[in-house]
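The residues making up each chain are set out below.
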Amino acid sequence: IQEDSSSSFTLVDLGSGCGRLALYAGLSRPSHWNIHGIEISELLHSVGVDALKIGMKEGMYVSNTQQPDLQDSESSSSSTNLHLHVGPANMFSNSVLPQANMIFAYSTAWSTSGFSEELGAMVLEDEWNTLLAQSCQNGCIAITTDRALNPKYGWQLVERIDVENREVFGSTGYIHVLEKN
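Residues numbered from 1 in each chain as written. Predicted model: local features only at pLDDT ≥ 70, side-chain atom pairs only at ≥ 80, totals over all residues. Heavy atoms only, no water.

Asks: Pulling in residues and values, what's your account of empty space enclosed by the protein?
Replies: Tallied over the full model, the rule gives one cavity of 30 Å³ or more. Residue lining of the largest cavity: Ser16, Gly17, Cys18, Gly19, Gly37, His45, Gly48, Leu84 and His85, and that is the complete set. At the level of secondary structure, the elements contributing two or more residues to the lining of the largest cavity comprise helix H2 (42-57) and strand E4 (80-86). The class makeup of the residues in the lining of the largest cavity is two nonpolar, seven polar and no charged. (1 Å grid on protein atoms, 1.4 Å probe; cavity = no way out; pocket = protein on both sides within 12 Å on 5 of 7 lines; lining within 4 Å. Points joined across faces, edges and corners; volume = space filled by probe spheres on them. Helix = DSSP H or I, 4+ residues; strand = E, 2+ residues; numbered from the N terminus. Nonpolar A, V, L, I, M, F, W, Y, C, P; charged D, E, K, R; others polar.)

Written out as structure tokens, the structure is:
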């Protein structure tokens, strides 16, 4: 990733669970990064918000708002903007997703449309391909696990990486770039 340190960079963790990736990125990324975690489960989201509140209490994050709530929590760390959102991904198709320079989706358990011999991978169902291709900007990088995005929607697979994952006895990461015509 070659980024211009004078312009903003937006990372979206789609299916952020309890916010581990978003919280870590909020502590470790440069000040021009905007980090969004989107989680559909209110229970998992509330765990992330609780961790964020503890981090704020410990001085690791500084609040942009008076009281983060469980619906949409925001904080910043060294001017890095961190946002934890709760709701289905399509609820953010006109707000968060169009800003994304990079999306990470731990998609191991997500539904597929079947196996692609061309990609050598299970392919995420069309609903995900359509949502992301229509919502994201050209050049957006999408990293998925154990499921690839479909090239017919503009997602070009640039690399696949096999990694250790004790939860499922190994995973494959797929790195895609959206090339809109």
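The structure having been displayed, the exposition proceeds.
Asks: Break down the confidence of the model for the chain for me, with residues and values.
Replies: Detail in the predicted coordinates should be disregarded across regions flagged by low pLDDT. Per-residue confidence for the chain averages 89 on the pLDDT scale, and 87% of its residues sit at or above 70. When the elements of the chain are averaged for pLDDT, strand E3 (residues 72-77) gives the smallest value, 57, and strand E5 (residues 102-105) the largest, 98. Ignoring residues within four places in sequence, the model shows residues 66-71, a span with pLDDT below 50, making twelve contacts including any to other chains. (pLDDT = per-residue confidence, 0-100. Contact = heavy atoms within 4.5 Å.)

Asks: Talk me through unusual backbone geometry; I want residue IDs and the actual numbers.
Replies: Glycine aside, negative phi is the norm for most residues, and most peptide bonds take the trans geometry. One non-glycine residue, Asp146, adopts positive backbone phi at about 60°. In this structure, Asp146 sits in the loop between strand E8 (141-145) and strand E9 (155-163). Look at Asp146 and you get buried, because its relative accessible area is 15%. (Buried < 20%, exposed > 50% of the residue type's maximum accessible area, 1.4 Å probe, protein only.)

Asks: I'd like to hear about the environment of Met60, residue by residue, with values.
Replies: In this structure, Met60 sits in the loop between H2 and E3. Exposure remark for Met60: the relative accessible area of 42% places this residue in the partly exposed category. The sequence separation of Met60 and Gly26 amounts to 34 residues, and the corresponding C-alpha distance is 9.3 Å.

Asks: Could you give me a rundown of the nonpolar core, with the residues and numbers involved?
Replies: Ranked by size, the top nonpolar core spans 22 residues in total, and within it Val12, Leu14, Ile103, Trp128, Leu132 and Trp155 carry the most contacts. Listed by contribution, the elements that provide at least two residues to this core are strand E1 (9-14), E5 and helix H3 (126-135). It is H3 that contributes the most residues to this core, four residues altogether. If sequence neighbours within four positions are ignored, Trp128 has contacts with Leu14, Ala89 and Trp110. Judged by nonpolar contacts, the second largest core, of 16 residues, contains Leu11, Ala22, Leu52 and Tyr61. (Core = buried A, V, L, I, M, F, W, Y, C linked by side-chain atoms within 4.5 Å.)

Asks: Mind laying out the packing of aromatic side chains, listing which residues take part and the relevant values?
Replies: For the structure on display, the rule yields two aromatic pairs. Consider the rings of Phe9 and Trp33, whose centres lie 4.5 Å apart with planes at 40°: the pair is tilted. Linking Phe9 in strand E1 with Trp33 in strand E2 (residues 33-39), this pair joins segments that are 24 residues apart in sequence. Across the pair, exposure class does not vary: Phe9 and Trp33 are buried alike. Aromatic pair Trp110 and Trp128: ring centres 4.3 Å apart, planes at 20°, arrangement stacked. Of this pair, Trp110 sits in the loop between E5 and strand E6 (112-116) while Trp128 sits in helix H3, and the two are 18 residues apart along the sequence. When the ring centre of Trp33 is taken as origin, the NZ or CZ atom of Arg29, which lies over that ring, is 5.5 Å away. (Phe/Tyr/Trp six-rings, centres within 6.5 Å; stacked < 30°, edge-to-face > 60°. Lys NZ or Arg CZ within 6 Å of the ring centre and 35° of its normal.)

Asks: A description of the layout of surface pockets should follow, citing residues and the corresponding values.
Replies: As a volume, the largest pocket reaches approximately 770 Å³. Counting residues per element, the ones that place at least two in the lining of the largest pocket are E1, helix H1 (20-28), E2, E5 and E8. Among the residues making up the lining of the largest pocket, the classes are represented as 19 nonpolar, six polar and four charged.

Asks: Can you break down the pairing of strand E7 (residues 121-124) residue by residue, with the values?
Replies: Inspection of the sheet shows E6 paired to E7 by four bridges, in the antiparallel sense. Bridge pairing in E7 links Thr112 to Leu124. Taking the residues that link successive antiparallel strands as the turn, the E6-E7 hairpin has four residues, and the phi of Gly120 there is positive, at about 65°. (Pairing = 2+ DSSP bridges.)

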